[in-house]
Amino acid sequence: MLVCQSLVSILRNNTRTLSRHVTTWSPVGAAFNAQQRRSEVSQKNVGLFGIPELSTPEGFQVAQQRALKETEKLVDRACRCPTGALTVESFDQLSDNLCKVADLADFVKVGHPDPAFREAAEKACLNIGTVVEKLNTNVELCRSLKNLLDNNKVLESLDPDTRRVAELFMFDFEISGIHLDESKRRKAVSLNVNLLDLNNEFLNGCNLPNRVEKRVLPEHIRHCFSIDGNCIQIGGFHADSPDELVREAAYKIFLYPNPSLMLCLDELLACRDELAKLVGYESFAHRALKGTMAKNPETVMKFLELLTDKLSDRTAKDFSMMRQVKVKMNTRSTELMPWDHPYFSCAVRAERYDIEPSQYSPYFSLGACMEGLNGLFSQLLGVSFQTQQPMTGEVWSEDVRKLAVVHQTEGILGYIYCDFFRRSDKPNQDCHFTIRGGRLMEDGQYQLPVVVLMLSLPPPTRSTPTLLTPGMMENLFHEMGHAMHSMLGRTRYQHVTGTRCSTDFAEVPSILMEYFATDYRVVNQFARHYQTGQPLSKSMVSRLCDSKRICGAADTQLQVFYAALDQVYHGKPQNRSTTDLLKEVQKKFYGLPYVPNTAWQLRFSHLIGYGAKYYSYLMSRAVASMVWRQCFSKDPFNREMGERYRREMLAHGGSKEPLLMVQGMLQRTPTLEELVDALVADLDTTETFTDLS
């Protein structure tokens, strides 16, 4: 592996530091364990991601105008080309042309430290979004696609991927009401516009703190909250506070109903329901679940009910353990309340297993973890990372690292920009952004995917590398699962590349990586004390894994409750308040009592991005569990299984029905009962392996 000039400089300037640490770093580990040093050679500003016009914020206007001009040509081409595969290719080029600006702007508006860049990107997002809305109601454009789908002879000549992509494009038209008469189509457009406003209003309201006068709270706990004059401001649950009164006060005040936000939620759900019915669906949930693994809300609810039944005894046991710990602490009340769940589940874990993150962090330097990922992907998939020196202006922060993902026989598969370190004005969230999707171009070349991984890790110092807690390490593996989904997808069409697939399948590759991250045979390959080189013991890994299972049933049941509430809200209207529905669902799917005068649903921000799809994490975890147990638990480095994993799941993105991809990997179609059993088994199983240290 070639060492780029920047890494030569890093190694030369950090010899003293690295000599005290593990000295066998490859360039990948060294790049992430040392402070970033840029080449002092003067270079021309190449623009963000190597796009010349994006060397300044004003460049977004240039990029946008060029994309819109190209859009006009592509629309004309799509409308005039002969009916066949070329129609779908034209649609995909149209999608790619707009996504190259929209996806990039979607990241820049939240990730760039310069407000001018963020503002320019926000405007570009809105403008491109408006164009997309117009295209989704372009009758002539839709007619060219409908002519294709209505021509059985032509349709039969298409390969399965092309046919599926054509159907997905048509679905986008249908949910915008393109098939309706003019008056109803105008109504659909109006509803979509209204939903954009309601979504933003609800999201903003979800995150606003609630305020009360200081006199409302006992004097001895006021200091625990933010004080503003005569008022106390509460913007969260304070779930980790050892003081029960603090937790209770935070819960009741933070969740106190906001009438205007309650009205916003009512309007939002009613608007979604009206739109779904207008375009031909029984409910918004039926519309949202088309094309997913679950396929319909009836299947989702059956899944959640089966899981609740299987978890009931374990959940009751977990709540009993929490209650016992609460009694020992001589609290004011022995009844377990919703504000107690997060605190006492952690307390039970601490009582059973002395898991202190600081004991683990020295073994999980960022460089070591990146070495571990590099080694795992190399053995499993024949893929490795190569560090690259970004050009001047290519990245938005000096501490961003760039990786080329290289296959041992296929060459470069794509690029990952690693924005891993905390900085002011950067969102405190771990996420994956697609900047450019992969697709087969007209000249036969493959458009290489580009993604950004964003984490919030402490930056390295001159003497100490970034040290990760176990949770941070798992999050790194999780997000890298998304990135590799993007890198290893080799779809013909950009519209379905990588993670552009059904929501309940998109999380499978990332959750599967969490199983690798907690397997001792994998961890043993990279977890070394950053100063002594001592490997992390198997007993410490086992304790960590076992501790995660404590109260796991109750934690899972809480997610079931959220998922069930999401389904009820997006099902058939029941002419009852969202709070009354919450009370009913909480009683059936949770077990801890509803607290009067609270409205948890007003803090449920996932109702926007995951409307009717919040169950996806549970179903994805069930699939990932089955894949892990059947394909990788015996040997996490099994190259044959790795190749099957890429061939059957990662390569297709959204170009194949998600359940068919699962079937290809498992070589059978799992039943709902098997998916439920996989989640339950995760709470019980303790793997035992030969100690390799």
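To start, this report covers the structure provided alongside it. (Residues numbered from 1 in each chain as written. Predicted model: local features only at pLDDT ≥ 70, side-chain atom pairs only at ≥ 80, totals over all residues. Heavy atoms only, no water.)

Here the focus is the overall build of the protein chain. Per the secondary structure count, the protein chain includes 29 helices and 10 strands. Principal axes of the C-alpha set define a box for the protein chain whose edges measure 75 × 70 × 55 Å. A burial count over the protein chain gives 56% of its 693 residues as buried. The long-range fraction of contacts in the protein chain, counting pairs at least 24 apart against all pairs at least 6 apart in sequence, stands at 74%. Surface summary for the protein chain: the accessible area is close to 29900 Å², and the carbon and sulfur share equals 50%. Taking the 79 positively charged and 82 negatively charged side chains of the protein chain as two groups, their mean positions are separated by 2 Å. (Helix = DSSP H or I, 4+ residues; strand = E, 2+ residues; numbered from the N terminus. Buried < 20%, exposed > 50% of the residue type's maximum accessible area, 1.4 Å probe, protein only. Contact = heavy atoms within 4.5 Å. Areas by Shrake-Rupley, 256 points an atom, 1.4 Å probe, with all protein chains shown as cover. Lys, Arg positive; Asp, Glu negative; His and termini not counted. Charge placed at Lys NZ, Arg CZ, Asp CG, Glu CD.)

Glancing now at the side chain of R439. One can find R439 in strand 8 (residues 439-440). For R439, the contacting residues outside a window of four places in its chain are D92, Q93, D96, Q445, Y446, Q447, T491, R492, Y493 and Q494.

For a regular strand, side chains alternate in direction, first toward one face of the sheet and then toward the other. Taking burial as the measure, the 8 residues of strand 10 (residues 450-457) include 8 buried ones, the bulk of the element. Here strand 10 shows no split at all, with V450, V452, M454 and S456 on one side and V451, L453, L455 and L457 on the other all buried. For strand 6 (residues 411-421) and strand 10, the ladder comprises 6 bridges, and the chain directions are parallel. Directly across from I416, in strand 10, lies its bridge partner V451. Pairing between strand 7 (residues 431-436) and strand 10: 5 bridges, direction antiparallel. Across the sheet, C431 pairs through a bridge with M454, a residue of strand 10. (Pairing = 2+ DSSP bridges.)

This next bit is on the nonpolar core. In terms of nonpolar packing, the biggest core is built from 167 residues, with M370, F385, I416, F420 and F632 touching the most fellow members. With 11 residues, helix 23 (residues 552-569) is the single largest residue contributor to this core. C142, V154, L155 and V165 belong to the second-largest nonpolar core, a separate cluster that totals 29 residues. (Core = buried A, V, L, I, M, F, W, Y, C linked by side-chain atoms within 4.5 Å.)

One non-glycine residue, C551, adopts positive backbone phi at about 65 degrees. The topology assignment puts C551 in the loop between helix 22 (538-549) and helix 23. The backbone of N575 sits at a positive phi, close to 55 degrees, despite the residue not being glycine.

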